[in-house]
Amino acid sequence: QKEVEQDPGPLSVPEGAIVSLNCTYSNSAFQYFMWYRQYSRKGPELLMYTYSSGNKEDGRFTAQVDKSSKYISLFIRDSQPSDSATYLCAMKDSGAGSYQLTFGKGTKLSVIP
Amino acid sequence: GAVVSQHPSRVICKSGTSVKIECRSLDFQATTMFWYRQFPKQSLMLMATSNEGSKATYEQGVEKDKFLINHASLTLSTLTVTSAHPEDSSFYICSARDQLHEKLFFGSGTQLSVL
């Protein structure tokens, strides 16, 4: 079993829909959770960064972490065509001295006008 | 916000040549930078961790003599693909650790095509 599981999609939704993206993980040492957005042939862009269970909201984006279930989600409200991209979840343990992230495979999202 | 600059964005070269890719942190000092490789429809695979002033740490299966990493300053790390072959064709991405804010920022990637 891989450390981080993420449904690769593709996921296609109409403009204005609510999008739910999810990752599960097996390593209970993961304490920091991130969501990155990657446009085609570009580097990932940090969207959300959380380290506690619960919800964190930033504009149309909400990151949700459930450590007891080892499950994280990213919700996108009022989705726009410009949100079409691949979304990667990433995680890190709390060990000091490094910042190596473990990535999911990414979910490709298409928002149809 | 923090910016990481990666150059070139695209390179096409003949088999057997060497290619150098630069990664710069523009508004913060990065003692640690990371190099990744990404194949189509796949996630980022960490190749090596680059530490300023010391030797890079390579992930298992990554040839250190083929992928030379130099991190000579707090704002610059370079990856040199030596004697490139078609199987080295891939999308290479760097990231830099902003230690002050404990966040990781990525470069825009380099698409390497070896003919």
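See above for the structure.
Fair warning: this is a prediction, and the values are worked out from it, not measured in the lab.

*Asks:* Could you give an account of the packing of aromatic side chains, naming the residues involved and the relevant values?
*Replies:* Remark: the centre distance and the inter-plane angle together describe each pair of aromatic rings, the angle taken between the planes. Inspection of every chain in the model, using the stated rule, returns 12 aromatic pairs over all chains. Note on Tyr32 of chain A and Tyr51 of chain A: the rings are 6.2 Å apart at their centroids and 50° apart in plane angle, and the pair reads as tilted. Of this pair, Tyr32 of chain A sits in strand E4 (residues 30-38) while Tyr51 of chain A sits in the loop between strand E5 (45-50) and strand E6 (54-58); the two residues are 19 residues apart in sequence, bridging distant segments of the chain. Geometrically, the ring pair formed by Phe67 of chain B and Tyr92 of chain B is tilted, given 6.3 Å between the ring centres and 40° between the ring planes. Here the residue Phe67 of chain B occupies a position in strand E7 (residues 67-73), and Tyr92 of chain B occupies one in strand E9 (residues 90-98), the gap between them amounting to 25 residues. A relative accessible area of 5% places Phe67 of chain B in the buried class. Among the aromatic side chains, those forming a connected cluster through ring pairs are Tyr36 and Phe103 of chain A together with Phe34, Tyr36 and Phe106 of chain B. Arg41 of chain A extends its terminal NZ or CZ atom over the ring of Phe91 of chain B, reaching a point 4.4 Å from the ring centre.

Conventions adopted
- Numbering of residues starts from 1 in every chain and runs along the sequence as written.
- Here the convention is simple: chains get letters from A, ligands get numbers from 1, in the order in which they are written.
- For this predicted model, a pLDDT threshold of at least 70 governs which residues receive local features, and a threshold of 80 or more governs which side-chain atom pairs are given and counted, while totals over whole chains, interfaces and linings are taken from all residues.
- The side-chain figures draw on all heavy atoms in the structure; neither hydrogens nor water molecules are used.
- Stacked, tilted and edge-to-face pairs are distinguished by plane angle, under 30 degrees for stacked and over 60 for edge-to-face with tilted covering the rest, among Phe, Tyr and Trp rings (Trp via its six-membered ring) whose centres lie within 6.5 Å.
- For the purposes of this entry, the term helix denotes a DSSP run of H or I that reaches at least four residues, the term strand denotes a run of E that reaches at least two, and both are numbered from the N terminus.
- Buried residues are those whose accessible area, probed at 1.4 Å on protein chains only, stays under 20% of the maximum for their type, while exposed residues exceed 50% and partly exposed ones sit between those limits.
- Only when the NZ of Lys or the CZ of Arg is both within 6 Å of the ring centre and within 35 degrees of the ring normal is a charge said to sit over the ring.

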